[in-house]
Amino acid sequence: MLRRIRLAYMGLIYLFLYLPIVVLIVFSFNDSKYATGWKGFSLRWYGDLLTDAQLLDAALNSLTVAALSATIATILGTLAAWALHRYDFKAKKLFQSALIIVIMSPDIVMGVSLLMLFVALHMDPGFVTLLLAHITFCLPFVAVTVASRLAGFDRHVVEAAQDLGADEYATFRWVILPMVMPAVLAGWLLSFTLSLDDVIISFFVTGPGFEILPLRIYSMVKLGVKPVVNALCAVMVTATVLVVFASQILLREKK
Amino acid sequence: MSRPNLFKSLAIGGTTAWLALFALLPFLLIVGVSVLTRDPASFVAPDLSLEGYRSIADPGFLQIFLDSLWWAAVTAAACLVLGYPFAYGLAKLRTRRKNLFLLLIIIPFWTNSLIRTYALIFIIKSQGLLNTSLLLLGLISEPLEILYTDTAVLVGLIYTLLPFMILPLYSSIEKLDPCHLEAAKDLGAGRLRAFWEVTLPLTWPGILAGTMLTFLPALGMFYVPDVLGGAKSLLIGNFIKNQFLTARDWPTGSAASVVLTLIMALLLAFYSGSTKGTTPRQAEDLGA
């Protein structure tokens, strides 16, 4: 009995999380300009989507920034975790506190502080500033993920590698990196997710010349969002779910 | 320079330079600008003043500030109440597909949170799904006006932040050793008492982490009131955003950011104090 109540409750929470997304997808097939009632099934918004260059550009920009920033943040974050684990250096305390500052500062504070930095450096808001900002807020999450895996390591592994003649780089590349690979991949995925999900920081550091999806939609919300956005979101959600399930199946087959 | 040293200096130097330039410098900038003077032409003039802090000491800002803290606290509390039984159920689930259920919590993150907030409009607007179903069921006779009210903002905040409460709760409940509960039962504790005196204290770190992860972001999520709320719903986030983008008053915006950061630091200090202080000792008491 108790177990049933528990399961029913869990179902309700999943419903709460997914219902808006499902309704959004349903309305992407609605043959009406206004989302007030159901006027019949139609694929017209999907047709419109194919010709809406601005919206498609924004979606592509979002994906580009997410993939690029996740990759660079993963490289830097992994190096940062290794540097903290392996070496002693003067700025170590400062280094650690900078990581903690980035993880813990509220997004809005990070957004406005980066805005001021870019203005001070005379950098025009756009692709580069957005990329720099996304790398910065993803980096510590990779560093923490990789560091937690490094923490459990046997120090003798490094000693053994060096006794066998590996230099610092070779030790990292051929011994450490393969061992921390799961954490590196997890860090990349986390960064990619954080970058795609971000609204607040992006809001302050990008300009009209380089628009990403959430900001395009944000600017539409006040004037009324066109149903073509529903179609785009439906495509994105479906693609996400397909990728996730495909990876689940692939992983299971590997086992 | 030999190659091993080159790698070492790249690993240390590269990442240190990055963090110094994009994390520490902006942080210092915000503290610096908060004690400068506003300048319409170039944002700030290099004259020291407490103007920024004086303008956030006024009752209007204090009201926003208190409202914002209140809404963030209500959001965190609601997420805890909604999330705890869910995380508990998830942790106690006896199935091989547990990871899949966990994944289902994370999937919505791949659709941007602004899109999810916008999707909520379909549910809560006056001819939305919620009202239509309630009217059909005869539970209400007039549609509920939720959209563009404070309630809508609250629903939006809970909707966006609930997964951040569930995940840390799940991992702390998952770690619970069932022996503790058995011991409590053997010592004569009822279900409720065992939960109150064993489960709850042992999952305290998860509760705290989840509260931090929902309370702090809630203060800054300006786009939730922008999309779902009326003109009156303001969070500190909306205030800071307006200072930078509309009023162009950098010192005031920076001062508000410094205050927000201080709150965060205080909460963090409290957090690390209470997780260090209580949990291990309580775990020891229980024979861990």
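Here is what the cut-offs are and how they apply
- Residues numbered from 1 in each chain as written.
- Chains lettered and ligands numbered in written order.
- Predicted model: local features only at pLDDT ≥ 70, side-chain atom pairs only at ≥ 80, totals over all residues.
- Helix = DSSP H or I, 4+ residues; strand = E, 2+ residues; numbered from the N terminus.
- Buried ≥ 20, exposed ≤ 12 C-beta atoms within 10 Å, placed from the backbone.
- Contact = placed C-beta atoms within 7 Å.
- Rg over C-alpha atoms; globule rule 2.2 N^0.38 Å.
- Nonpolar A, V, L, I, M, F, W, Y, C, P; charged D, E, K, R; others polar.
- Axes fitted to C-alpha atoms, helices over the stretch in contact; angles between N-to-C directions.
- Parallel < 35°, antiparallel > 145°, perpendicular 65-115°, else oblique.
- Left-handed = near helix turned anticlockwise from the far one by under 90°.
- Expected span 1.5 Å × (residues − 1).
- Bend = angle between axes of the 7 residues up to and from the residue.
- Core = buried A, V, L, I, M, F, W, Y, C linked by C-beta atoms within 7 Å.
- Domains from an automatic or database assignment.
- pLDDT = per-residue confidence, 0-100.

Visitor: Just checking my understanding: could you explain the overall build of chain B for this structure?
Guide: In terms of regular secondary structure, chain B is built from 14 helices and two strands. For chain B, the spread of C-alpha atoms along the principal axes amounts to about 70 × 70 × 40 Å. For chain B, the proportion of its 288 residues judged to be buried stands at 43%. The contacts in chain B between residues at least 6 apart in sequence include a share of 69% that link residues at least 24 apart.

Visitor: Quick question: what am I supposed to make of the overall build of chain A here?
Guide: Of the regular secondary structure elements, chain A holds eleven helices and zero strands. Expected size for 255 residues packed as a compact globule is a radius of gyration near 18 Å; at 23 Å, chain A overshoots this value by more than 25%. Each principal axis of the C-alpha atoms in chain A carries an extent, and together these give about 75 × 60 × 35 Å.

Visitor: Just checking my understanding: could you explain the interface of chain B and chain A for this structure?
Guide: Interfaces are often sized by the amount of accessible area the parts lose when they come together. Contact residues are listed per partner, giving 64 residues for chain B and 65 residues for chain A. Among the elements that make up the side of chain B that touches chain A, the one with the highest residue count is helix H1 (residues 3-33) of chain B (21 residues). Here the side of chain B that touches chain A is composed, by residue class, of 47 nonpolar, 13 polar and four charged.

Visitor: When you look at the packing of helix H6 (residues 127-150) of chain A against helix H8 (residues 168-197) of chain A in this model, what are you seeing that I'm missing?
Guide: What describes two packed helices is the angle between their axes and the distance between those same axes. Residues and elements named next belong to chain A. Following both chains from N to C, one finds H6 and H8 inclined at 155°, their axes separated by 9 Å at the closest point. Classified by the angle their axes make, H6 and H8 are roughly antiparallel. Helix-helix and strand crossings are classified by hand; for H6 and H8 the assignment is right-handed. For the pair formed by H6 and H8, the contact residues are His134, Phe137, Cys138, Phe141, Val142, Thr145, Val146, Arg149 and Leu150 on the first element and Val180, Ala183, Val184, Ala186, Gly187, Leu190, Ser191, Leu194 and Ser195 on the second. Partitioning the contact of H6 with H8 into residue classes produces twelve nonpolar, five polar and one charged.

Visitor: Please explain the packing of helix H4 (residues 92-104) of chain A against H6 of chain A as it appears in this structure.
Guide: All names here are of chain A. Contact pair H4 / H6: the axes reach a minimum separation of 9 Å and the direction vectors enclose 115°. Our classification of the angle between H4 and H6 gives roughly perpendicular. When the axes of H4 and H6 are compared, the crossing they make is left-handed. In this structure, H4 contributes Leu99, Val102 and Ile103 to the contact, and H6 contributes Thr136, Phe137, Pro140, Phe141 and Ala143. Its residues placed into classes, the contact of H4 with H6 shows seven nonpolar, one polar and no charged.

Visitor: Before we go on, may I ask you to explain unusual backbone geometry in this structure?
Guide: With the exception of glycine, the majority of residues adopt a negative phi angle, and the majority of peptide bonds are in the trans configuration. One non-glycine residue with positive phi stands out, namely His122 of chain A, at about 55°. Tracing the sequence through the fold places His122 of chain A in the loop between helix H5 (107-120) and H6. Notably, Arg248 of chain B is not glycine yet its phi reads approximately 55°, a positive angle. Relative to the helices and strands, Arg248 of chain B resides in the loop between helix H12 (236-245) and helix H13 (250-277).

Visitor: Could you clarify how one ought to interpret helix H1 (residues 2-27) of chain A in this entry?
Guide: The periodicity of an α-helix, 3.6 residues per turn, causes residues three or four places apart in sequence to face the same way. Residues and elements named next belong to chain A. Here H1 is 26 residues long and its end C-alpha atoms lie 37 Å apart, about the 38 Å a rise of 1.5 Å per residue gives. In the structure, H1 departs most strongly from a straight axis at Tyr18, where the bend amounts to approximately 45° and where the proline Pro20 lies between one and four residues downstream. Within the span of H1, buried status applies to Pro20, Ile21 and Leu24.

Visitor: Can you walk me through the environment of Gly77 of chain A in this structure?
Guide: All names here are of chain A. Here Gly77 is to be found in helix H3 (residues 53-86). Along the backbone, Gly77 and Leu139 are 62 residues apart, and their C-alpha atoms lie at a distance of 4.9 Å. Ignoring anything within four residues of it in the chain, the contact list for Gly77 reads Leu139, Val142, Ala143, Val146 and Gly187.

Visitor: Looking at this structure, I do not really get the nonpolar core. What am I missing?
Guide: Soluble globular proteins tend to pack their nonpolar side chains together in the buried interior. The biggest cluster of nonpolar side chains holds 142 residues, and the ones touching the most others in it are Val112 and Leu114 of chain A together with Ala87, Leu157, Ile166 and Ala218 of chain B. The element best represented in this core is helix H7 (residues 150-174) of chain B, accounting for 16 residues. Excluding residues within four positions of it along the chain, Ala87 of chain B makes contact with Ile166, Leu169, Tyr170 and Ile173 of chain B.

Visitor: Looking at this structure, how should I read the domain arrangement of chain A?
Guide: Segmenting chain A into domains produces domain 1 (1-42 + 232-255) and domain 2 (53-224). Domain 1 of chain A and domain 2 of chain A are separated by 29 Å when their C-alpha centres are compared.

Visitor: Just to check I follow, could you spell out helix H3 (residues 59-92) of chain B for this structure?
Guide: If you check H3 of chain B, its first and last C-alpha atoms are 49 Å apart, about what 34 residues at 1.5 Å a residue would give, namely 50 Å. Its maximal kink placed at Gly83 of chain B, H3 of chain B deviates by approximately 35°, while the proline Pro85 of chain B follows within four residues.

Visitor: What am I meant to see in the environment of Ile173 of chain B here?
Guide: All names here are of chain B. Positionally, Ile173 belongs in helix H7. Residues Ile173 and Gly253 lie 80 residues apart in sequence; the distance between their C-alpha atoms is 40 Å. Discounting chain neighbours no more than four positions away, the residues touching Ile173 are Ala87, Tyr88, Ala91, Thr203 and Gly206.

Visitor: For this particular structure, what's the right way to read the confidence of the model for chain B?
Guide: Note that predicted coordinates carrying low pLDDT should not be read in detail. Residue and element names in this part refer to chain B. For chain B, per-residue confidence averages 85 on the pLDDT scale, and 93% of positions sit at 70 or higher. Ignoring residues within four places in sequence, the model shows residues 277-288, a span with pLDDT below 50, making seven contacts including any to other chains. Predicted as a complex, the structure gets a pTM of 0.88 and an ipTM equal to 0.86.

Visitor: Would you mind going over the environment of Pro143 of chain B with me for this structure?
Guide: All names here are of chain B. If you trace the backbone, Pro143 turns up in the loop between helix H6 (129-136) and H7. Taking the number of C-beta atoms within 10 Å as the measure of exposure, Pro143 has 15 and is therefore partly exposed. Separated by 93 residues in sequence, Pro143 and Ile236 place their C-alpha atoms 31 Å apart. In this view, Pro143 contacts Ser126, Asn131 and Leu135; residues no more than four positions away in its chain are not counted.

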